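# Residue-level structural notes
Read off the chains here:
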Amino acid sequence: MFSLTARFIGTLAAAAMGATLALAPANAAEDTIKVGILHSLSGTMAISETTLKDTMLFLIDEQNKKGGVLGKKLEAVVVDPASDWPLFAEKARQLIEQDKVAAVFGCWTSSSRKSVLPVFEELNSLLFYPVQYEGEESSRNVFYTGAAPNQQAIPAVDYLANQEGVQRWVLAGTDYVYPQTTNKILKAYLNAKGVKDEDIMVNYTPFGHSDWQTIVSDIKKFGSAGKKTAVVSTINGDANVPFYKELANQGIKAEDIPVVAFSVGEEELAGLDTKPLVGHLAAWNYFESVDSEANAEFIKQWHAYTKNDKRVTNDPMEATFIGFNMWVKAVEAAGTTKSDAVIDSIVGVSVPNLSGGSATMMPNHHITKPVLIGEVQGDGQFDIVYRTPGLVVGDEWSDYLPGSKDLISDWRKPMSCGNFNVVSGKCGGVTN
Amino acid sequence: MSLSRFLSIIAMLGLCLFPAIAGAQVLDDAKLKPLVEALAGDNFDNTSKAVSELAKSGAPRAAAILNALSAGDLYVSKTDKSVFIGAREGSDYAATDPLTGAKLAPVPRSAAEKIKVNNRLRRDIGAAIGGLTLMSTNATERRTAAEAILKNRDPETIPLLDQAITAEKDAGIKVLMQRAKAAAVLNSTAVDDVKIAAIAEIKSGNGREALGLLTPLANVQGPVGEAASAAISSINSELELWNGIQNIVYGLSLGSVLLLAAIGLAITFGVMGVINMAHGEMVMIGAYTTFVVQQLIRTSMPGLAEYSLLIALPAAFLVSGAIGVIIERGIIRFLYGRPLETLLATWGISLVLQQATRSWFGASNVQVSSPSWMSGSFDVGMLTLTWSRLWIIVFALSVFAVLQLVLKKTMLGLRMRAVTQNRRMASSMGIRTPWVDALTFGLGSGIAGIAGVALSQIDNVSPNLGQGYIIDSFMVVVFGGVGNLWGTLVGAMSLGIANKFLEPFAGAVLGKILVLVLIILFIQKRPRGLFALKGRAIEA
């Protein structure tokens, strides 16, 4: 709808330009910088992605109040890829080729990111990706402002092992690329720490799985071997609510078998009565309950913008906030919105995050983040029980997988390579 | 403020009158204060130490303070580092002095910080409170205390447990205390004979829990290890048997969910022959009706909250049924006999309904609460049954029975069957077939709506709720035999049980694929499903 109107105006403007070329060299359309928003507003992923669309509109609004970028106002172009992965690629192409956006903020699932990646590389545009993901990727045209596995999964496992004395691990996930790769990395990491295979149980379930009776009872069985057991959950989206309901109903308390989740945030807990879940954990780089001035200010403005003081904030929102501010800063440093110039100027750019520190864009197009572990509270919020002492740099190629431990990524010139092999001393290709 | 000053005056008076007693009390408070302030330690280890110190002090208010800490109600003031029990009250905390229980002046929320607890700390606090409340006069407190000690297995609690066991009158709690003592004994340096007796005690209890306690002992050399291994293998063989029973029960539970989702479709698709892709959305609308009903009850009649589901049932039936009638009158009646167009049109309707719900209620899940009689679980032998699942089995079967009655014993049912078996003959008998069509479709949709009420208890209430059930529903109806309600019942139950027997071996993903493959093979062999309709009806 929005894009249609925008395109309509664009066509009108083009027609006007043709007619009055000599008379009016400047016209309305050229006074704005267009920013693409590529988040699903319908279909299965709408539950998570709609909020990020709102966040982007909010950030653009705030930036325009400050006078825009390079003296021009920003203009949002919203498209709806409808949770359909091939449609993501089509919409991305439309945003870049027809709407001529300067940068795109979007995608949630890894499947959608993989689908648009070739489009962004072919057309040399910019994508800011705000969600935690499995790593094993680094593209010149993509900026990963969510967490890599070493910024979320590995610190969470360390916390459980050190603080809770966990010795037995259930790795439960939804059956797709993010959980499978994360679990592969975690298994290799646990094995390296001396955990035997018999103390690790890996379990996959389909998307939207709703009958958790057998699996929860299996977890109980696995947990009754006399060793402290924990569940590391990469269960995605919709399947979480029935999973937690079954846990609560079968009486598994966090004191007995804690569950640490990587995809459950404030937004997902909104549909749940969290009183029986107090103490279950989540690992993120931001929680709404973070005690900092930047966060209090952000929440206040967000509530004012949405006119709803019940709207929660979450980690991918913070990642969007960081990514957007980095782009603004890089564009201002480069003095242009041209992709090549922004790619060169954005590395090293540092902007404040919401937890009272700052985030820096690294040469591998990942950013620095603190890692926070929170425990679910009765009011649907998290209490932060652990925070890494410093910032953690996103590691795109995991050090625990045999294929990727020798690879590094550095998009600064002259190396400019996403998968440089430090053993052979060669760049393995553009990506993957 | 004035109250606390009044209290202190009273205390001072008391001090003069009964120097000995009051002196002890004041001294006690003075000793307790640093202990309580230590709870606000800067890391969990320090807080944990403070918890055990506080528990050891034996102060009468220690249990109350620890309970507040565990519940996250203990706060520390940012200015003078004093600790108080707080409750949210607008932008302030209503504060209570943890030492005396006296009311303090409210503290602004920005000036105080919650003392955080994590799981490990919560466990320690539970055990500490357990030690303090083991002799409590309140039976539930004693039970929780025994359970906490059973988890903690601290050998130091053995003398306390002995004392509690002799004093205990309630047989159930006594057994629990004995088990807690046995667990603590196994964790102690007691002699072998005592430990072997403890193993026997543990073995008689809950199988899973016993396994957890005994497994670490199996590798111990000598008679204790042997006794533990013997106990483990006997528990394991018993668990095997229970596993089979568990699969059947879980299968029936999954089957009843499938039955609920499919039974409305058995009418619209099975009886009327309409390929209704919007069936799942009728279920979703039922679930959202539950949400709206609960919201209304919460704001206007909070007393009825426990019965909100019962009120939601007729509401969901009417809402979904009405929408079903509108869809039938508005669209489907123009498409009878054109299955492909019906499929596309209803698919479109399903997308429209989903997006409408999304714009209306927002894309996120909404929260439907469970009444207390539907939460929690109970143990039968070594099997854990949850109340919600059990009620859903009962509910699914009663919906099935009522529907059978409607179809077989009422005038509407008779007409429905007449119209679906021979439309022209029924019409010439004076039955207004268009109205019967609309009512049949409404009935099927209404039943889907009440299925939504039940599913709201175990699944997400989101605009996508229906999508997850539509394929399963068609599978059940086709497998059971189109046009036969008994087929739907048997089909749902057998698919549920087959799924649950496959899941432990093949995993949830492969299990589901295997079930699909089996159904395809079955349909090849018997294209009309389990209970095929015979006679001329099928040609119509």
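Since this is a predicted model, take the numbers as computed values, not measurements. (Residues numbered from 1 in each chain as written. Chains lettered and ligands numbered in written order. Predicted model: local features only at pLDDT ≥ 70, side-chain atom pairs only at ≥ 80, totals over all residues.)

All right, on to the overall build of chain A then. When its secondary structure is counted, chain A shows 12 helices and 19 strands. By the compact-globule yardstick of 22 Å for 432 residues, chain A fits well, its C-alpha radius of gyration being 22 Å. Projected onto its principal axes, the C-alpha coordinates of chain A cover approximately 85 × 55 × 40 Å. Across chain A, every contact between residues at least 6 apart in sequence was considered, and the portion connecting residues at least 24 apart equals 68%. (Helix = DSSP H or I, 4+ residues; strand = E, 2+ residues; numbered from the N terminus. Rg over C-alpha atoms; globule rule 2.2 N^0.38 Å. Contact = placed C-beta atoms within 7 Å.)

Moving on to the overall build of chain B. Of regular secondary structure, chain B possesses 20 helices and seven strands. In summary, chain B has a C-alpha radius of gyration of 32 Å against a globular reference of 24 Å for 540 residues, an excess of more than 25%. In terms of overall dimensions, chain B has C-alpha extents of about 105 × 65 × 40 Å along its principal axes. In chain B, which comprises 540 residues, the proportion classed as buried is 44%. Long-range contacts, defined here as pairs at least 24 residues apart, represent 66% of the contacts in chain B between residues at least 6 apart. (Buried ≥ 20, exposed ≤ 12 C-beta atoms within 10 Å, placed from the backbone.)

Here we take up the confidence of the model for chain B. Close inspection of predicted coordinates is inappropriate in any region flagged by low pLDDT. Residue and element names in this part refer to chain B. Across chain B, the average pLDDT comes to 84, with 93% of residues at 70 or higher. Confidence, expressed as mean pLDDT per element, reaches its minimum in chain B at helix H1 (residues 2-17) with 50 and its maximum at helix H13 (residues 308-330) with 95. Per-residue pLDDT stays below 50 along residues 11-27; that stretch engages in four contacts with residues further than four places along the chain or on separate chains. Interface confidence in the predicted complex, given as ipTM, is 0.81; pTM for the same model is 0.83. (pLDDT = per-residue confidence, 0-100.)

A separate point is the sheet that holds strand E7 (residues 200-205) of chain A. Residues and elements named next belong to chain A. Here seven strands make up an open sheet; going across it, the order is E7-E6-E8-E9-E10-E14-E15 and the pairing mixed. The open sheet terminates on both sides in strands that have one partner only, identified here as E7 and strand E15 (382-387). Looking at each pair of strands side by side, their axes are set apart by 25 degrees on average, direction ignored. Looking at chain direction, strand E14 (residues 372-376) and E15 are connected through five bridges and run antiparallel. (Pairing = 2+ DSSP bridges. Axes fitted to C-alpha atoms, helices over the stretch in contact; angles between N-to-C directions.)

Residues and elements named next belong to chain A. Taking burial as the measure, the six residues of strand E8 (residues 229-234) include six buried ones, the bulk of the element. Judged by which residues are buried, E8 turns out to be covered on both faces: Thr229, Val231 and Ser233 on one side and Ala230, Val232 and Thr234 on the other are all buried. Relative to E8, strand E6 (residues 168-174) runs parallel, the two being bridged by six bridges. Bridge pairing in E8 places Leu171 opposite Val232. When E8 meets strand E9 (residues 259-261), the two strands line up parallel, connected through three bridges. Residue pairing across strands places Val232 opposite Val260, the latter belonging to E9. Crossover handedness for the path E8 to helix H8 (residues 240-249) to E9: right-handed. (Right-handed = clockwise from strand over helix to strand, strands pointing away.)

Moving on, we get to the packing of helix H19 (residues 467-480) of chain B against helix H20 (residues 485-525) of chain B. All names here are of chain B. Viewed as axis vectors pointing N to C, H19 and H20 meet at an angle of 125 degrees, and their least axial separation amounts to 5 Å. Between H19 and H20, the angle is such that the two are oblique. For H19 against H20, the interelement crossing comes out right-handed. Only Gly487, Thr488, Val490, Gly491, Ala492, Leu495, Ile519, Phe522 and Ile523 of H20 make contact with H19, whose side of the interface consists of Met475, Val476, Val477, Val478, Phe479 and Gly480. (Parallel < 35°, antiparallel > 145°, perpendicular 65-115°, else oblique. Left-handed = near helix turned anticlockwise from the far one by under 90°.)

All names here are of chain A. Considering every residue of chain A, the mean pLDDT works out to 88; 92% of them sit at 70 or more. Put simply, helix H1 (residues 2-19) is where chain A has its lowest mean pLDDT, 46, and strand E4 (residues 127-129) is where it has its highest, 97. Counted against residues more than four places away or in other chains, residues 1-6, with its pLDDT under 50, gives seven contacts. Of the regions scoring below 50 in pLDDT, residues 8-29 engages in six contacts with residues more than four places distant in sequence or in other chains.

Attention shifts here to the packing of helix H11 (residues 223-271) of chain B against helix H18 (residues 433-455) of chain B. Residue and element names in this part refer to chain B. At a minimum axis separation of 8 Å, H11 and H18 run at an interaxial angle of 170 degrees. Classified by the interaxial angle, the pair formed by H11 and H18 is roughly antiparallel. The residues of H18 that touch H11, namely those facing Val257, Leu260, Ala261, Ile263, Gly264, Leu265, Ile267, Thr268 and Val271, are Thr440, Phe441, Leu443, Gly444, Ser445, Ile447, Ala448, Ala451, Ala454 and Leu455. In terms of residue class, the contact of H11 with H18 is built from 14 nonpolar, five polar and no charged. (Nonpolar A, V, L, I, M, F, W, Y, C, P; charged D, E, K, R; others polar.)

It is worth spelling out the pairing of strand E10 (residues 281-284) of chain A at this point. Residue and element names in this part refer to chain A. Burial along E10 is two-sided: Leu281 and Ala283 facing one way and Ala282 and Trp284 facing the other are all buried. Here E9 runs beside E10; their pairing, made up of two bridges, is parallel. Pairing of Ala261 across the sheet is with Ala282, part of E10.

Residues and elements named next belong to chain B. Here five strands make up an open sheet; going across it, the order is E4-E3-E2-E1-E5 and the pairing antiparallel. Because the sheet does not close on itself, it has two edges, and the strands there are strand E4 (107-108) and strand E5 (112-114). As paired strands, strand E3 (residues 92-96) and E4 are joined by two bridges and run antiparallel to one another. Following the sheet pairing, Tyr93 is matched in E4 by Val107.

With that settled, consider the interface of chain A and chain B. Taken together, the 45 residues of chain A in the interface contact 48 residues of chain B. Elements represented by at least two residues in the side of chain A that touches chain B include exactly helix H2 (46-65), E7, helix H7 (213-222), H8 and E15 of chain A. By residue number, the principal contributor to the side of chain A that touches chain B is H7 of chain A, which donates six residues. In terms of residue class, the side of chain A that touches chain B is made up of 13 nonpolar, 20 polar and 12 charged.

What follows concerns the nonpolar core. Core analysis: the biggest nonpolar cluster contains 125 residues, and Val35 and Val260 of chain A have the highest contact counts within it. The element that contributes the greatest number of residues to this core is helix H11 (residues 315-334) of chain A, accounting for 10 residues. Of all hydrophobic cores here, the second largest spans 79 residues; its members include Met272, Met284, Ala287 and Tyr469 of chain B. (Core = buried A, V, L, I, M, F, W, Y, C linked by C-beta atoms within 7 Å.)

Residues and elements named next belong to chain A. Residue Pro414 follows Lys413 across a cis peptide bond; omega there is 5 degrees. Tracing the chain through its elements places Pro414 in the loop between strand E17 (407-410) and strand E18 (417-421). Look at Lys307: it is not a glycine, yet its phi comes out positive at around 55 degrees. For Lys307, the position within the fold is in the loop between helix H10 (293-306) and H11. Although it is not a glycine, His365 sits at a positive phi angle of roughly 65 degrees. In this fold, His365 is placed in the loop between strand E12 (358-360) and strand E13 (368-369).

Here we take up helix H5 (residues 119-133) of chain B. With 15 residues, H5 of chain B should reach 21 Å at 1.5 Å per residue; the first-to-last C-alpha distance of 21 Å fits that figure. Most of H5 of chain B is tucked away: 14 of the 15 residues are buried. (Expected span 1.5 Å × (residues − 1).)

This part is about H18 of chain B. Counted at 1.5 Å a residue, the expected span for H18 of chain B with its 23 residues is 33 Å, and the 33 Å between its end C-alpha atoms agrees. In terms of residue burial, H18 of chain B counts as a mostly covered element, since 19 of its 23 residues are buried.

Residue and element names in this part refer to chain B. With respect to the helices and strands, the residue Phe531 is situated in the segment after H20. The exposure class of Phe531 is partly exposed, given the 19 C-beta atoms found within 10 Å. Not counting residues up to four positions away in its chain, the partners in contact with Phe531 are Gly480, Gly481, Asn484, Trp486 and Gly487.

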